[in-house]
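Notes for the structure review
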Amino acid sequence: MRILDFMLLPEVGSAHGSTVDAMDESVHLFMAALFIGWTLFFLFCLWRFWHKRNPKADYVGVRGHASTHVEVGVVIIEAILLIGFALPFWAQRVEAFPVGPDVVRIRAVAYQFGWAFHYPGPDGNFGRVDRDLYVTDPAGLDREDPNGLDDIIQVGSLTMPKDRPVVIDVTSKDVIHNLSMVPLRVSQDAIPGTEYPTWFTPTKTGEWDIICGQLCGAGHGSMRALYTVIEGDDFDKGVIENAPKPPTEG
Ligand SMILES: [Cu+2]
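The structure displayed is predicted, hence computed values, not measured ones.

Rules behind the numbers
Residues numbered from 1 in each chain as written. Predicted model: local features only at pLDDT ≥ 70, side-chain atom pairs only at ≥ 80, totals over all residues. Heavy atoms only, no water. Helix = DSSP H or I, 4+ residues; strand = E, 2+ residues; numbered from the N terminus. Rg over C-alpha atoms; globule rule 2.2 N^0.38 Å. Buried < 20%, exposed > 50% of the residue type's maximum accessible area, 1.4 Å probe, protein only. Contact = heavy atoms within 4.5 Å. Areas by Shrake-Rupley, 256 points an atom, 1.4 Å probe, with all protein chains shown as cover. Lys, Arg positive; Asp, Glu negative; His and termini not counted. Charge placed at Lys NZ, Arg CZ, Asp CG, Glu CD. Pairing = 2+ DSSP bridges. Axes fitted to C-alpha atoms, helices over the stretch in contact; angles between N-to-C directions. Domains from an automatic or database assignment. Salt bridge = Lys/Arg side-chain N within 4 Å of Asp/Glu carboxyl O. Parallel < 35°, antiparallel > 145°, perpendicular 65-115°, else oblique. Nonpolar A, V, L, I, M, F, W, Y, C, P; charged D, E, K, R; others polar. Donors = N, O, S within 2.8 Å, 3.2 Å for Na, K, Ca; no water. Tetrahedral: all angles 85-135°; square planar, octahedral: opposite > 155°, others 65-115°.

Let us look at the overall build of the chain. Summing up its helical and strand segments, the chain has 3 helices and 10 strands in all. Each helix and strand of the chain, ordered N terminal to C terminal, gives the series α-α-β-β-β-β-β-β-β-β-β-β-α. The C-alpha radius of gyration computed for the chain amounts to 26 Å, which surpasses the reference 18 Å derived for 250 residues by more than 25%, pointing to a less compact arrangement than a globule. In terms of overall dimensions, the chain has C-alpha extents of about 105 × 35 × 30 Å along its principal axes. With 250 residues in all, the chain has 36% of them scored as buried. Across the chain, contacts joining residues at least 24 apart in sequence account for 65% of those joining residues at least 6 apart. Accessible surface, the chain: about 14900 Å² in total, of which carbon and sulfur atoms supply 63%. In the chain, 20 positive and 32 negative side-chain charges are present, and the distance between their average locations comes to 13 Å.

Right, dumping it as structure tokens:
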């Protein structure tokens, strides 16, 4: 649900994206109301307590309770925004991870300064990964592992199917980066030593930028990759066609 499309954000490309925008917009509208309210109150105080209107100081000050009521109202609205909307939405994003045969799992490995994406291949199982293997493989994949023989590594480009839930396990090889895909309203820190999942369902086909959302070093500004959303059938075919074939005997 959009309240007012005044934030000029890029078009939403994921199922949950408009809820993020609605949340952003309601917080901004509320802050705008507070800003206007406090500014008017400030101007009123300048006029009301102007020294020419009050040649003799008043030692009692404010007698009414209007300001207390306004403060309580602000606290109630903030509590509703936080407890009623933000926390349930957050819980849904971090606890209700999709499961099932339709779900696409991908690993994203950030490094200074780029992105590697690791697909489990046709067998659906990721090969063993080890941080010591980053020297030989951008995703740290053990190519000797039976599960890893058909795995796909794409450097600088992420391909995903439309209308299917995508779970990305985000990690980093060196420093803290952030996998940020603005049209999908997805942003997940990439922290060395942890793999933290994020999920979404792309709803539009096309090609957009992936950027790094954490200032991560001198090459941060050029740490760009592309993500492409294609139809589900094309994705299935593409995965099988691009998968490395296990070496044949002899
Ligand atoms: Cu980075």
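On to the sheet that holds strand β6 (residues 177-181), then. Judged by pairing direction, the sheet is mixed, and its 5 strands sit side by side in the order β4-β10-β9-β6-β7 without closing on themselves. The open sheet has two free edges, formed respectively by β4 (157-161) and β7 (186-190), since each of these has just one partner strand. If you compare each strand with its neighbour and ignore which way they point, the axes differ by 25° on average. Bridging between β6 and β7 involves 5 bridges; their strand directions are antiparallel. Across the sheet, residue H177 finds its bridge partner in β7, namely A190.

As assigned here, the chain comprises domain 1 (17-95) and domain 2 (104-242). Just the C-alpha atoms count here: the centres of domain 1 and domain 2 sit 42 Å apart.

Attention now moves to the pattern of salt bridges. Here the structure, examined in full by the defined rule, presents 11 salt bridges. Put simply, D236 and R164 hold a salt bridge, and the shortest N to O gap is 3.1 Å. One end of the pair, D236, is in helix α3 (residues 232-242); the other, R164, is in the loop between β4 and β5 (166-172), and 72 residues separate them in sequence. We classify D236 as partly exposed; its relative accessible area is 35%. Of the residues examined, R164 reaches a relative accessible area of 15% and is grouped as buried. Linked through salt bridges whose partners overlap, the residues forming this network are D102, R164 and D236.

Once that is clear, we can look at the pairing of strand β10 (residues 224-230). Within a regular strand, the side chains alternate between the two sheet faces. Residue alternation in β10 divides its side chains into a buried set, A225, Y227 and V229, and an unburied set, R224, L226, T228 and I230. Direction of pairing for β4 relative to β10: parallel, over a ladder of 5 bridges. Its bridge partner being in β10, L158 is matched across the sheet by Y227. One ladder, built from 6 bridges, connects strand β9 (residues 206-212) with β10; its direction is antiparallel. Bridge pairing links G206 to V229 in β10.

Turning next to the packing of helix α1 (residues 17-48) against helix α2 (residues 66-95). Packed helices, taken two at a time, are described by the angle between their axes plus the distance between the axes. α2 packs onto α1 with a crossing angle of 170° between their chain directions and a minimal axis gap of 11 Å. The orientation of α1 relative to α2 falls into the category roughly antiparallel. The residues of α2 that touch α1, namely those facing T19, V20, M23, S26, V27, F30, M31, L34 and W38, are E71, V74, I77, E78, L81, F85, A86 and F89. Classifying every residue of the contact of α1 with α2 gives 13 nonpolar, 2 polar and 2 charged.

The next subject is the coordination of the copper ion. Binding of the copper ion to the protein goes through H177 (ND1), C212 (SG), C216 (SG) and M223 (SD), at separations of 2.0 to 2.5 Å. What the 4 donor atoms of the copper ion show is an angle range of 91 to 125° at the metal, which sorts the shape as tetrahedral. In the primary structure, the donors to the copper ion are separated according to the pattern H-x34-C-x3-C-x6-M. With H177 in strand β6 and C212 in strand β9, the pair connects residues that are 35 residues apart, well separated along the chain. Take H177 and C212: they sit in the same class, and that class is buried.

Turning next to the sheet that holds strand β1 (residues 104-111). Backbone hydrogen bonds hold the strands of a sheet together, and the pairing may be parallel or antiparallel. Strand order in the open sheet formed by 5 strands is β3-β2-β1-β5-β8, with mixed pairing between adjacent strands. The open sheet has two edge strands with one neighbour each: β3 (152-155) and β8 (196-200). If you compare each strand with its neighbour and ignore which way they point, the axes differ by 25° on average.

Quick look at unusual backbone geometry now. Of note, the bond from Q112 into F113 is cis; its omega dihedral lies within 30 degrees of zero at 5°. Structurally, F113 is set in the loop between β1 and β2 (114-119). Backbone geometry places D163, a non-glycine residue, at a positive phi of 60°. Residue placement: D163 occurs in the loop between β4 and β5.

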